[in-house]
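# Survey of secondary and tertiary structure
Residues per chain, in single letters:
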Amino acid sequence: MINLRDNTCPTREQRGNGINAFFGKASELVKQVKDGTVPNTERCFQQSSGCLLNFYLTQRVMTIRDSVMIVHAPVGCSVVGLGYREIFRKVPVSLGRPENFDFHWLTTNLNEKDVIYGAGDKLKYAIKEAQTRYNPKAIFVLASCTTGIIGEDIAGIVDEVQPEVDAKIVAIHCEGIRSKLIQTGYDAFWHGILKYLVKKPTKKQKDLVNVASMLSYTWQDRREITRLLEKIGLRPNFVPEFSTVEQFEMLSEAAVTAPICSSFTDYLSRGLEQEYGVPYFLYPSPIGVEHTDQWLRAIAYYTGKESEVEKLIAEEHDECLPKLEIIQKEFARIGNGNDINVLGSLGQGRLLTQVPFFNELGVKTPAAICLDFDDLVADETEKLIEKVGDFDVLVNTFQAAEVAHHTRRYDPDIALTCPFQGSAYKRDRGATRIHSARGDARPWSAQAGYKGAIAAGNFLLQSTKNRSFQKTMLEKTPDVYNEWWYQQPDPLYFTKREAK
């Protein structure tokens, strides 16, 4: 039950028994999470690349058109926006990026005095300044660790100042200290969208499909999904990145909400169905040929496009299956009778899509790395195990040392790394990234749909052939970690030791 009268959502720890550390079999992970017997864990040594605020929200909220983002925090909490502004502006206008589009955000620049006396007046001033400067349709107010610690009444301030500005103010409670799990940031954002922006439907648009698609999938994936849906007479409503405020307002009018990442889409999908009767499905995602088939058929079920989808699938298979067969044969040639092993560094949504996709390509996954895990995906993980067999899982929250340990242990032919997890460690086998830099618009970065399946397969194949980066790392750089670290019995060593 989603309660939009509350200021924000429960954490993923509360809502889904979410955990931040585990090492063992996937089957045991599912069992323990369902039983609620895996506690969240403190590490006496840990690394991180971000929090609920700067890892998730500033990267996405800042791209929303006709809006302003206010980061109610010390100035450093919004600095990540500078880098992402440049990354997203690299998307060519010819590929669909809005022309003359820039990102607008403000910070309340909290200081020691604000921590002692409160900073409500600063926030009120920032909201009014955002209205005056940019005349937006929406103003997103992002909470921070600092405002959480001092107990700033952000929702109350929003209610007080809303009558004084034209823009709709959206409060997002994404304090980094709220949760150990990045998934909570997803839910907090969608709670704010559902509470403040989505409107009651004045009509139902039978050809509209909500697609919640973050750009850790790529710009090319958006183009591929648009291409597929348009061929059967449907339109995607992509949120949140680069969407307009109007696109959020009309989420309630769609025929169905379809996932690219089930974990990312979960809270929004459940909320839209509960509040406005918009049906949804969470599995599968359109990664790989088989799952893309199933994804399109699920959409067809809710939109009455069954015959059109079957025709589309047949056409796409004629185009992509010969290319997929070439990739499979090449992996078999390289393996020379042995399996090519791939170790993926994944979010829990990708865990459910990438592992079967690897099998489709003709490679195997003896182990996986998952950022966090909760029982919202437990049933589907059980189905995955039934399909591909059991495998080892390391649940770890952006801990680069643990990823390096896990990778050394299995020494896969291909190690897939997340750019945010620390990936520049030395090894003499193939290594590449699990996903592209956000906003990468080049065709080879695609992952979703039929074109994405072939592009991603070729990308993995290339990583077995071009090892110049690994060779340079081996020859020119020192080891990142001492050999002592790799001799420890498992990568969760620091969850079992007290800090000295």
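Residues numbered from 1 in each chain as written. Predicted model: local features only at pLDDT ≥ 70, side-chain atom pairs only at ≥ 80, totals over all residues. Heavy atoms only, no water.

Each helix and strand counted, the chain has 20 helices and 13 strands in total. For 500 residues, the compact-globule estimate of 2.2 N^0.38 gives 23 Å, and the C-alpha radius of gyration of the chain, at 23 Å, lies within 12% of that figure. Projected onto the principal axes, the alpha-carbon positions of the chain cover approximately 70 × 65 × 45 Å. In the chain, which comprises 500 residues, the share counted as buried stands at 59%. Within the chain, contacts between residues at least 6 apart in sequence are counted, and of these 76% link residues at least 24 apart. (Helix = DSSP H or I, 4+ residues; strand = E, 2+ residues; numbered from the N terminus. Rg over C-alpha atoms; globule rule 2.2 N^0.38 Å. Buried < 20%, exposed > 50% of the residue type's maximum accessible area, 1.4 Å probe, protein only. Contact = heavy atoms within 4.5 Å.)

What follows concerns helix α8 (residues 154-161). Listed as buried for α8 are Ile154, Ala155, Ile157, Val158 and Val161. Projected onto a plane normal to the axis of α8, the buried residues spread over an arc of 160° and lie on a single side. Looking at the packing, one finds that the buried side of α8 touches α6 (120-134), β4 (138-142), α7 (145-150), β5 (168-172) and α9 (183-197). (Arc of directions from axis to C-beta.)

This brings us to the packing of aromatic side chains. One pass over the full model with this rule turns up 18 aromatic pairs. Geometrically, the ring pair formed by Trp190 and Phe264 is edge-to-face, given 5.6 Å between the ring centres and 70° between the ring planes. On the criterion of sequence distance, the pair formed by Trp190 in helix α9 and Phe264 in helix α12 (residues 262-276) is long-range, its members being 74 residues apart. Each member of the pair, Trp190 together with Phe264, is buried. Members of the aromatic cluster, joined through ring pairs, are Phe140, Tyr186, Phe189, Trp190, Phe248 and Phe264. Sitting over the ring of Tyr196, Lys195 keeps its end group 5.7 Å from the ring centre. Note that Arg222 overlies the ring of Trp219, its terminal NZ or CZ placed 5.1 Å from the centroid. (Phe/Tyr/Trp six-rings, centres within 6.5 Å; stacked < 30°, edge-to-face > 60°. Lys NZ or Arg CZ within 6 Å of the ring centre and 35° of its normal.)

Note on placement: Thr11 falls in the segment before α1 (12-16). Filtering out sequence-adjacent residues up to four positions away, Thr11 remains in contact with Arg178, Ser179 and Thr184.

What follows covers the packing of helix α2 (residues 26-35) against helix α16 (residues 378-388). Packing of α2 against α16 brings their axes to within 10 Å, and their N-to-C directions diverge by 160°. As judged from the angle between their axes, α2 and α16 are roughly antiparallel. Two packed elements cross with a definite hand, and for α2 against α16 that hand is left-handed. Only Ala378, Asp379, Thr381, Glu382 and Ile385 of α16 make contact with α2, whose side of the interface consists of Ala26, Ser27, Val30 and Lys34. Class assignment for the residues of the contact of α2 with α16 results in 4 nonpolar, 2 polar and 3 charged. (Axes fitted to C-alpha atoms, helices over the stretch in contact; angles between N-to-C directions. Parallel < 35°, antiparallel > 145°, perpendicular 65-115°, else oblique. Left-handed = near helix turned anticlockwise from the far one by under 90°. Nonpolar A, V, L, I, M, F, W, Y, C, P; charged D, E, K, R; others polar.)

Okay, helix α13 (residues 289-303) next. With 15 residues, α13 extends 21 Å between its outermost C-alpha atoms, agreeing within 8% with the 21 Å of an ideal straight helix rising 1.5 Å per residue. Of all the positions in α13, only Val289, His291, Thr292, Asp293, Trp295, Leu296, Ala298, Ile299, Ala300 and Thr303 are classed as buried. Phi turns positive one or two residues past the end of α13, at Gly304, with a value near 70°. (Expected span 1.5 Å × (residues − 1).)

Okay, the packing of α9 against α12 next. Interaxial distance between α9 and α12 falls to 8 Å at its minimum, and their mutual angle equals 30°. In this view, α9 runs roughly parallel relative to α12, as classed from their interaxial angle. Seen from above, α9 lies across α12 with right-handed handedness. Between α9 and α12, the contacting residues are Gln183, Tyr186, Asp187, Trp190, His191 and Leu194 on the first element and Ser263, Phe264, Tyr267, Leu268, Gly271, Leu272 and Tyr276 on the second.

With that settled, the discussion passes to the sheet that holds strand β8 (residues 256-259). The parallel open sheet is built from 3 strands, whose spatial order is β7-β6-β8. Across the chains shown, the open sheet's two edge strands, defined by having one partner strand only, are β7 (235-239) and β8. Strand-to-strand twist in this sheet, taken as the mean axis angle between neighbours without regard to direction, amounts to 30°. The pairing of strand β6 (residues 208-212) with β7 spans 5 bridges and is parallel. (Pairing = 2+ DSSP bridges.)

On to the sheet that holds strand β3 (residues 105-107). Strand pairs in the sheet, formed through backbone hydrogen bonds, run parallel or antiparallel to each other. Read across the open sheet, the 4 strands follow the order β3-β2-β4-β5; overall the sheet is parallel. This sheet does not close on itself; its edge strands, each paired only once, are β3 and β5. Averaged over all pairs of adjacent strands, the angle between strand axes in this sheet comes to 20°, irrespective of strand direction. Where β4 meets β5, 5 bridges bridge the pair, whose relative direction is parallel. The partner of Ile139 across the bridge, within β5, is Ile169.

The next point concerns the pattern of salt bridges. Scanning all chains against the criterion turns up 31 salt bridges. Asp392 serves as the salt-bridge partner of Lys25, at 3.1 Å between the closest nitrogen and oxygen. With a gap of 367 residues between them, Lys25 in strand β1 (residues 21-25) and Asp392 in strand β11 (residues 392-396) connect regions that are remote in the sequence. Here Asp266 ties to Arg270 by a salt bridge, and the two come within 2.8 Å at their closest N and O atoms. (Salt bridge = Lys/Arg side-chain N within 4 Å of Asp/Glu carboxyl O.)

When pLDDT is averaged along the chain, the result is 90; 96% of the residues meet or exceed 70. Mean pLDDT values over the elements of the chain span from 73, in strand β13 (residues 430-433), up to 98, in α13. (pLDDT = per-residue confidence, 0-100.)

So, about the environment of Gln247. For Gln247, the location among the structural elements is in helix α11 (residues 245-249). Exposure remark for Gln247: the relative accessible area of 15% places this residue in the buried category. Setting aside its immediate chain neighbours within four residues, Gln247 contacts Arg65, Asn237, Phe238, Val239 and Phe242. Among the polar contacts made by the side chain of Gln247, one reaches the side chain of Asn237 at a distance of 3.0 Å. (Polar contact = N/O pair within 3.5 Å; in protein donor to acceptor, adjacent residues only side chain to side chain.)

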